[in-house]
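# Per-entry structural report
If you want the building blocks of each chain, they are given just below.
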Amino acid sequence: MSATSTYTVTGMTCGHCVSSVTEEVQEIPGVEDVAVELESGAVTITSAEPVDESAVRSAVEEAGYQLA
């Protein structure tokens, strides 16, 4: 069974932003899928085990954005 969690990322304005966030979040160990909605800023992460929020925050900040 997979774990799914959704976060809101602020500062994304275009497809490149979505790609950057997706790439960084996919590098978190255990992450199976990342779905990013540009309009709402929603980032839904599917993983084998629940992902630590600090890991998500670090990945998002690495991409140049912030968790809301």
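Structure first, text after, so check above.
Read on for an overview of the structure. (Residues numbered from 1 in each chain as written. Predicted model: local features only at pLDDT ≥ 70, side-chain atom pairs only at ≥ 80, totals over all residues. Heavy atoms only, no water.)

Helix length check: helix 1 (residues 15–26), at 12 residues, gives a terminal C-alpha distance of 16 Å against a target of 16 Å (1.5 Å per residue), a fit within 8%. Within the sequence span of helix 1, burial applies to Cys-17, Val-18, Ser-20, Val-21, Thr-22 and Val-25. Those residues of helix 1 hidden inside the fold are in contact with strand 1 (3–10), strand 2 (31–36), strand 3 (42–47) and helix 2 (53–62). (Helix = DSSP H or I, 4+ residues; strand = E, 2+ residues; numbered from the N terminus. Expected span 1.5 Å × (residues − 1). Buried < 20%, exposed > 50% of the residue type's maximum accessible area, 1.4 Å probe, protein only. Contact = heavy atoms within 4.5 Å.)

Turning to the pairing of strand 3, a few remarks are in order. Counting buried positions along strand 3 gives 5 out of 6 residues, so the element sits mostly inside the fold. With 6 bridges joining them, strand 1 and strand 3 adopt antiparallel strand pairing. Note that in strand 3 the partner of Thr-6 across the bridge is Thr-44. Bridge count for strand 2 against strand 3 is 5 bridges, and the pairing is antiparallel. Bridging from a neighbouring strand, Val-31 pairs with Ser-47 of strand 3. (Pairing = 2+ DSSP bridges.)

Here the focus is the environment of Glu-24. Mapped onto the elements of the fold, Glu-24 is located in helix 1. Measuring from C-alpha to C-alpha, the distance between Glu-24 and Val-34 comes to 9.9 Å, with 10 residues separating the pair along the chain. Setting aside anything within four residues of it in sequence, one finds Glu-24 in contact with Ala-59, Glu-62 and Ala-63.

Below, the discussion takes up the nonpolar core. Judged by nonpolar contacts, the single largest core of 20 residues is most densely connected at Val-9, Val-21, Val-25, Ile-45, Val-56 and Tyr-65. Of all the elements in the fold, those that place two or more residues in this core are strand 1, helix 1, strand 2, strand 3 and helix 2. It is helix 1 that provides the largest number of residues to this core, a total of 4 residues. If we ignore the near neighbours within four places in the chain, the residues touching Ile-45 are Ala-3, Thr-4, Ser-5, Tyr-7, Val-25, Val-31, Asp-33, Val-51 and Val-56. (Core = buried A, V, L, I, M, F, W, Y, C linked by side-chain atoms within 4.5 Å.)

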